[in-house]
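Each chain is listed here by its residues.
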Amino acid sequence: MHSPEPLTGTTLTASTLARWQSAAPFWCSFLLIPLIWYAALQGGWTLVLVPLSTWWAFAILDRMLGLNVNNADPQIDDEDLGWYIALTQLWAPLQFLTLFGLIWFVSDSDHLSTIEKLALFFGVGIATGTVGINYSHELMHQKGKRERWLGDILLAMVLYSHFRSEHLLVHHRYVGTPRDPVTARYNEGFHRFYPRVLRESLTSSFAAEKNLLARKELPWTDFSNPFFRYWFLQGVMLLLALVLGGWVGLGLFLMQASVAIWQLELVNYVEHYGLTRKHLGKGKYEHVKPHHSWNAAHKASNWLLINLQRHSDHHYKPNRRFPLLQNHAEDEAPQLPYGYPVMTVAAMIPPLWRRVMNPRVRHWRRLYYPEIADWKPYNRANNPMPR
């Protein structure tokens, strides 16, 4: 009844994607770096520029530019995607230099008040979360060691290294089931989701890596456990912040990390809210399909987020690079009414969120699962754990 193939739009060829002009809009995130430095130098009202240029500017641009439903040929080779691959790899060293350069510059400066320093690093956290963690997500899905290392370094800068294990070993395998901490439940407000996901994603990611080692008859203490890499990299980042900026620098580092994590989990909350896979009995669930993620085709915010909002296709084909992710039309996947910049703000206001999203979840249930009469086990994540 519901074919998994995306519909509508123009197919983009390899020759089109290979042009730098095609990739240029996705490089817009790099404008945040000079903007952050300008705010650090000027202080005052300029400190609101980073939040305004991400949350609000892209919400306005989405309204002005509309949707992009064009799809690239998914068989395009990496050799034609050089401009897209370069931007995710270049961001890591630039974020490193910006973050720790700012810690060194700001910690002992007297032209910024304490409130201004905190406001500046709130903006830094928006950048390291909205862009940095998002780029790490793209990098961790690749096979090359260099890209995976860059992804780990980005996550260590926000003290959320275990996200890699949780995302690859737990979320993608168990999305839409009671075992996935990141699938937000129907009627679960973000204020309840956030502490739950912080706790459960850490324990589930560690358990997943421990189980992998156990299958090889190795203890969790074996140095092949990536958690040792995570702890080492995070320790280096904390020590570097302390050396460069003292206790003030360490506090500012922790400030941006907490904002970045909050940004990530806001997006996670939006991506699968209320969407569950059908339980087939005895702990068996249907396969993941495009309609198990919310899709958003908004052009401008997909530039900023490197097509993260084409999330339906990402879960359907997790190893596709971001320029090849397909847009799935309304008859293939549920659609968000706005892009993530607007939806994440709405998620912080539970009554507004429920008013916007709960009717859409109920419509989705009637459309795809009319045979399910009792949704309470799905709402409360009381169905059996997947095998």
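Everything here concerns the structure above.
A. Fine view of the overall build of the protein. Per the secondary structure count, the protein includes 15 helices and four strands. Relative to a compact globule of 387 residues, whose C-alpha radius of gyration would be 21 Å, the protein shows 21 Å and is just as compact. The buried share of the protein, taken over its 387 residues, is 54%. Taking the contacts inside the protein whose residues are at least 6 apart along the sequence as the reference set, 74% of them involve residues at least 24 apart. For the protein, the computed accessible surface area is about 17400 Å², with 62% contributed by carbon and sulfur atoms. In the protein, 37 positive and 29 negative side-chain charges are present, and the distance between their average locations comes to 8 Å.

B. Geometry of the pattern of salt bridges. Applying the stated rule across the entire model yields 10 salt bridges. The partner of Arg196 in a salt bridge is Glu200, with the nearest N and O atoms 3.1 Å apart. Of this pair, Arg196 and Glu200 are both found in helix H9 (residues 190–215), four residues apart, which corresponds to roughly one turn of the helix. You can call Arg196 buried: its relative accessible area is 7%.

C. Structural detail: empty space enclosed by the protein. By the definition in use, this model includes four cavities of 30 Å³ or more. By volume, the largest cavity amounts to about 150 Å³. If you go around the largest cavity, you meet 17 residues; those closest to its centre are Thr177, Pro178, Thr276, Tyr378 and Ala381. Partitioning the lining of the largest cavity into residue classes produces seven nonpolar, six polar and four charged.

D. Main features of unusual backbone geometry. Although it is not a glycine, Lys282 adopts a positive phi angle of roughly 55 degrees. Tracing the backbone through its elements, the reader meets Lys282 in the loop between strand E3 (279–281) and strand E4 (284–285). Residue Lys282 is classed as exposed on the basis of its relative accessible area, which comes to 74%. Look at Ala381: it is not a glycine, yet its phi comes out positive at around 55 degrees. In this structure, Ala381 sits in the segment after helix H15 (376–379).

E. Inspection of the nonpolar core at higher detail. Of all hydrophobic cores here, the largest spans 83 residues; its most connected members are Leu120, Phe121, Tyr269, Tyr273 and Trp353. Excluding anything up to four places from it in sequence, Phe121 contacts Leu99, Leu102, Ile103, Val106, Leu252, Met255 and Gln256.

F. Looking closely at the packing of helix H5 (residues 82–107) against helix H6 (residues 114–140). The contact between H5 and H6 brings their axes to 10 Å, and the two run at 160 degrees. By the angle class used here, H5 and H6 are roughly antiparallel. Like other packed secondary-structure pairs, H5 and H6 cross with a definite hand, here left-handed. Only Lys117, Leu120, Phe121, Val124, Ala127, Thr128, Val131, Gly132, Tyr135, Glu138 and Leu139 of H6 make contact with H5, whose side of the interface consists of Leu87, Thr88, Gln89, Trp91, Gln95, Leu99, Leu102, Ile103, Val106 and Ser107. Tallied by class, residues from the contact of H5 with H6 come to 13 nonpolar, six polar and two charged.

G. Molecular detail of the packing of aromatic side chains. By the definition in use, this model includes 31 aromatic pairs. Taken together through their ring pairs, the aromatic side chains of Phe206, Trp220, Phe223, Phe227, Phe228, Tyr230 and Trp231 make up a single cluster. Geometry around Trp149 places Arg229 over its ring, the cationic atom sitting 4.0 Å from the centre. Taking the ring centre of Tyr186 as reference, the NZ or CZ of Arg365 above it sits at 4.7 Å.

H. Main features of the packing of helix H10 (residues 226–272) against helix H13 (residues 340–347). Between H10 and H13, whose axes approach to 9 Å, the crossing angle comes to 95 degrees. As far as their axial angle goes, H13 and H10 are roughly perpendicular. For the pair H10 and H13, contact is made by Leu266, Val267, Tyr269, Val270 and Glu271 and by Tyr340, Met343, Thr344 and Ala347, respectively.

Criteria and thresholds
- Residues numbered from 1 in each chain as written.
- Predicted model: local features only at pLDDT ≥ 70, side-chain atom pairs only at ≥ 80, totals over all residues.
- Heavy atoms only, no water.
- Helix = DSSP H or I, 4+ residues; strand = E, 2+ residues; numbered from the N terminus.
- Rg over C-alpha atoms; globule rule 2.2 N^0.38 Å.
- Buried < 20%, exposed > 50% of the residue type's maximum accessible area, 1.4 Å probe, protein only.
- Contact = heavy atoms within 4.5 Å.
- Areas by Shrake-Rupley, 256 points an atom, 1.4 Å probe, with all protein chains shown as cover.
- Lys, Arg positive; Asp, Glu negative; His and termini not counted.
- Charge placed at Lys NZ, Arg CZ, Asp CG, Glu CD.
- Salt bridge = Lys/Arg side-chain N within 4 Å of Asp/Glu carboxyl O.
- 1 Å grid on protein atoms, 1.4 Å probe; cavity = no way out; pocket = protein on both sides within 12 Å on 5 of 7 lines; lining within 4 Å.
- Points joined across faces, edges and corners; volume = space filled by probe spheres on them.
- Nonpolar A, V, L, I, M, F, W, Y, C, P; charged D, E, K, R; others polar.
- Core = buried A, V, L, I, M, F, W, Y, C linked by side-chain atoms within 4.5 Å.
- Axes fitted to C-alpha atoms, helices over the stretch in contact; angles between N-to-C directions.
- Parallel < 35°, antiparallel > 145°, perpendicular 65-115°, else oblique.
- Left-handed = near helix turned anticlockwise from the far one by under 90°.
- Phe/Tyr/Trp six-rings, centres within 6.5 Å; stacked < 30°, edge-to-face > 60°.
- Lys NZ or Arg CZ within 6 Å of the ring centre and 35° of its normal.

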